[in-house]
Amino acid sequence: MMLIAKWLIVALSFLLAAYFVPGIFVESFYTALILAFVWGVVGLLLRPILILLTLPITIITFGLFTFVINALLFLFLQTFVKGFEVDGFLSAFWGALIVSTVTWLGNKFLSRMN
C-alpha cells in the first residue's frame, strides 16, 4: 500500500511541475503514472552510474551538479514517454527540482503517518 502511495505522490508531482513550469506538458494522469514509474526506474539504474561518472565535478561543485544530472534525466524521460514534453534544459531543471522536492515532502509525510 505504501508503494502505491509513493507512486501516486510522484505522479502528482509531475502534474504539479507541468502546472507551474512553462515548457512542461503532461497529457493526462495516466501519462503521469507512467512517468512516475519510468522516473523511478531511471533513478534506480542510470542516476547512480551518472553520479559516479561525474564524481569529480560533483565534488568540485559541492554536490550541486546533481541538479544538472536530475535535469538531464528529466529531459531524457521525454524520449520514452509519449504525452510528456519538455521544451528545454531550464524547464527540465525547474521541473526536476519540483518533482524531487514534492516527492521528498510527500515521503516525509507518509513516513510520519506510518
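Quick caveat, the model's predicted, so the values are computed rather than measured.

Engineer: Before we move on, can you summarise helix 2 (residues 29–53) with the specific residues and values?
Structural biologist: Given a rise of 1.5 Å per residue, 25 residues ought to cover 36 Å, and the 34 Å separating the end C-alpha atoms of helix 2 matches this to within 8%. Along its length, helix 2 shows its largest kink, about 40°, at glycine 43. All of the buried residues along helix 2 are Thr31, Ala32, Leu33, Leu35, Ala36, Val38, Trp39 and Val42. Buried positions along helix 2 lie against helix 1 (2–20), strand 1 (24–26), helix 4 (65–77), strand 2 (84–86) and helix 5 (89–113).

Engineer: Requested: an account of the layout of surface pockets, with residues and values cited.
Structural biologist: In this structure, the largest pocket spans a volume of roughly 250 Å³. In this structure, the largest pocket is lined by Leu3, Lys6, Trp7, Val10, Ala36, Phe37, Trp39, Gly40, Val41, Thr103 and Asn107. The set of elements that each furnish at least two residues to the lining of the largest pocket consists of helix 1, helix 2 and helix 5. At five residues, helix 2 tops the list of elements feeding residues into the lining of the largest pocket. Here the residues of the lining of the largest pocket are counted per class, giving seven nonpolar, three polar and one charged.

Engineer: Describe in detail the environment of leucine 46, supporting the description with residues and values.
Structural biologist: When you line up the elements, leucine 46 lands in helix 2. The class of leucine 46 is partly exposed, set by a relative accessible area of 32%. A sequence separation of 27 residues divides leucine 46 from leucine 73, and the C-alpha atoms of the two residues are 8.4 Å apart. Leave out the neighbours within four places in its chain, and leucine 46 touches Val41, Leu73 and Phe76.

Engineer: Describe the nonpolar core, naming the residues involved and giving the relevant values.
Structural biologist: Formed by 26 residues in total, the largest nonpolar core has its most connected members in Phe14, Ile24, Leu35, Trp39, Phe74, Leu77 and Phe84. Taken together, the elements giving at least two residues each to this core come down to helix 1, strand 1, helix 2, helix 4, strand 2 and helix 5. Tallying contributions element by element places helix 2 first for this core, with seven residues.

Engineer: Break down helix 5 for me, citing the residues and quoting the values.
Structural biologist: Look at helix 5: 36 Å from first C-alpha to last across 25 residues, which is about the 36 Å you get at 1.5 Å a residue. Of all the residues in helix 5, the buried ones are Ser91, Ala92, Gly95, Ala96, Val99, Thr103, Gly106 and Leu110. Each element contacted by the buried residues of helix 5 is listed here: helix 1, strand 1, helix 2, helix 4 and strand 2.

Engineer: So what about the packing of helix 1 against helix 5? Which residues, and what values?
Structural biologist: It is at 8 Å that the axes of helix 1 and helix 5 come closest, and there the two elements cross at 145°. You can see that helix 1 and helix 5 cross each other, and the crossing is right-handed. Across the interface between the two elements, Met2, Ala5, Lys6, Ile9, Val10, Ser13, Phe14, Leu16, Ala17 and Phe20 of helix 1 pack against Gly95, Ile98, Val99, Val102, Thr103, Gly106, Asn107 and Leu110 of helix 5. Residue classes in the contact of helix 1 with helix 5 are distributed as 12 nonpolar, five polar and one charged.

About the thresholds
Residues numbered from 1 in each chain as written. Predicted model: local features only at pLDDT ≥ 70, side-chain atom pairs only at ≥ 80, totals over all residues. Heavy atoms only, no water. Helix = DSSP H or I, 4+ residues; strand = E, 2+ residues; numbered from the N terminus. Expected span 1.5 Å × (residues − 1). Bend = angle between axes of the 7 residues up to and from the residue. Buried < 20%, exposed > 50% of the residue type's maximum accessible area, 1.4 Å probe, protein only. Contact = heavy atoms within 4.5 Å. 1 Å grid on protein atoms, 1.4 Å probe; cavity = no way out; pocket = protein on both sides within 12 Å on 5 of 7 lines; lining within 4 Å. Points joined across faces, edges and corners; volume = space filled by probe spheres on them. Nonpolar A, V, L, I, M, F, W, Y, C, P; charged D, E, K, R; others polar. Core = buried A, V, L, I, M, F, W, Y, C linked by side-chain atoms within 4.5 Å. Axes fitted to C-alpha atoms, helices over the stretch in contact; angles between N-to-C directions. Left-handed = near helix turned anticlockwise from the far one by under 90°.

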